[in-house]
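Reading the structure
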Amino acid sequence: MSTVFEKIISGEWAGRFCWAEDSCVAFATIAPTAPGHVLVVPREPWAKWTDVPADITARLFEVARMIGSVQEGVFDVPRSGLVIAGFEVPHTHLHVIPLLSEADVALANAAPASDEALDDAMRRLRDGLVAAGYGEFVPEDMSICPPVTH
């Protein structure tokens, strides 16, 4: 049985992507704690982050760091937060969240966002990633995840 994230990555279910490469992708969560909250997800469905190979783990954290750095400027926040929990979907994912306060990092505060709010936040983040020099990783169409290239 495939996970919800596999269905989003494959295009079976809708997603809003800001990053795509061979090892991982990043897309908006439909229930953010703050505007711009994204998930960095390996393409392979490891249930626990501690089971992910070290080289992929390193890349997930590097992508999360790059996205978080851009979030700080785009959303005018003092810092970006990172959470790994994984109880809701058995597929490793890193929550990268623009933070105004520690309340923004609490996943219990997540709430569904409108399509308009999600689209606006993702357009802003995608534009920020391109401006920061990461355009090669920003999919041309935010609703389509490019396939693996190798």
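As the structure is a prediction and not an experimental result, all values here were calculated from the model. Counting starts from 1 at the beginning of each chain's written sequence and moves along it residue by residue. Given that the model is predicted, a residue must reach a pLDDT of at least 70 before its local features are reported, and side-chain atom pairs must reach 80 or more before they are shown or counted; all residues, however, enter totals for whole chains, interfaces and linings. Water and hydrogen atoms play no part in the side-chain values, which are based on all heavy atoms of the structure.

1. Considering the overall build of the protein chain
Strands here mean DSSP runs of E at least two residues long; helices mean DSSP runs of H or I at least four residues long; both are numbered from the N terminus. A tally of helices and strands in the protein chain yields three helices and five strands. Taken from the N to the C terminus, the helices and strands of the protein chain come in the order α-β-β-β-α-β-β-α. Here the C-alpha atoms of the protein chain give a radius of gyration of 14 Å, agreeing with the 15 Å that 2.2 N^0.38 yields for 150 residues. Seen along its three principal axes, the alpha-carbon backbone of the protein chain occupies a region of about 35 × 30 × 30 Å. Looking at the protein chain as a whole, 46% of its 150 residues qualify as buried. Whether two residues touch is decided by their heavy atoms; if any such pair falls within 4.5 Å, the residues are in contact. At a minimum sequence separation of 6, the contacts of the protein chain that also span at least 24 residues come to 60%. Per-residue and other accessible areas follow the Shrake-Rupley method at a 1.4 Å probe size, with only the shown protein chains counted as cover for residues. Taken as a whole, the protein chain presents about 7,800 Å² of accessible surface, with 56% of it coming from carbon and sulfur. Computing the positive centroid from 10 side-chain charges and the negative centroid from 21, the protein chain places the two 1 Å apart. Put simply, the radius of gyration uses C-alpha atoms, and a globule should come to 2.2 Å times the residue count raised to 0.38. Think of it in three bands: residues with accessible area under 20% of the maximum for their type are buried, residues over 50% are exposed, and the middle band is partly exposed, with areas taken using a 1.4 Å probe on protein chains only. A residue counts as positive if it is Lys or Arg and as negative if it is Asp or Glu; His and the chain ends are not included. In plain terms, the charge of a residue is placed at NZ if it is Lys, CZ if Arg, CG if Asp and CD if Glu.

2. Some points on the pattern of salt bridges
One speaks of a salt bridge when a side-chain nitrogen belonging to Lys or Arg is within 4 Å of a carboxyl oxygen belonging to Asp or Glu. Scanning all chains against the criterion turns up six salt bridges. For the salt bridge of R16 with D119, the shortest nitrogen-to-oxygen distance reads 2.5 Å. One end of the pair, R16, is in the loop between α1 (4–10) and β1 (17–20); the other, D119, is in helix α3 (residues 115–134), and 103 residues separate them in sequence. Since its relative accessible area comes to 16%, R16 is described here as buried. A salt bridge links R59 to E21; the shortest N-O distance between them is 2.8 Å. Within this pair, whereas R59 is found in helix α2 (residues 54–74), its partner E21 is found in the loop between β1 and β2 (24–28), the two being separated by 38 residues in sequence. Take E21: its relative accessible area is 11%, and that puts it in the buried class. Residues joined in a network through salt bridges with shared partners are R16, D115 and D119.

3. Quick look at the UniProt feature "domain: HIT" (unreviewed entry) in the protein chain
UniProt positions are given in the numbering used here, feature names are shortened, and annotations may be inferred rather than shown by experiment. Under the feature "domain: HIT" (unreviewed entry), the UniProt entry names residues 4–107. With 27% helix and 24% strand, residues 4–107 has its two end C-alpha atoms placed 18 Å apart.

4. Some details on the side chain of H37
Secondary-structure assignment places H37 in the loop between β2 and β3 (38–42). The buried category is assigned to H37, whose relative accessible area is 2%. Polar contacts, as used here, are pairs of N or O atoms within 3.5 Å; protein pairs need one atom able to donate a hydrogen and one able to accept it. Residues neighboring in sequence count only if both atoms are side-chain atoms. Only 3.1 Å separates the side chain of H37 from the backbone nitrogen of T33, close enough to count as a polar contact.

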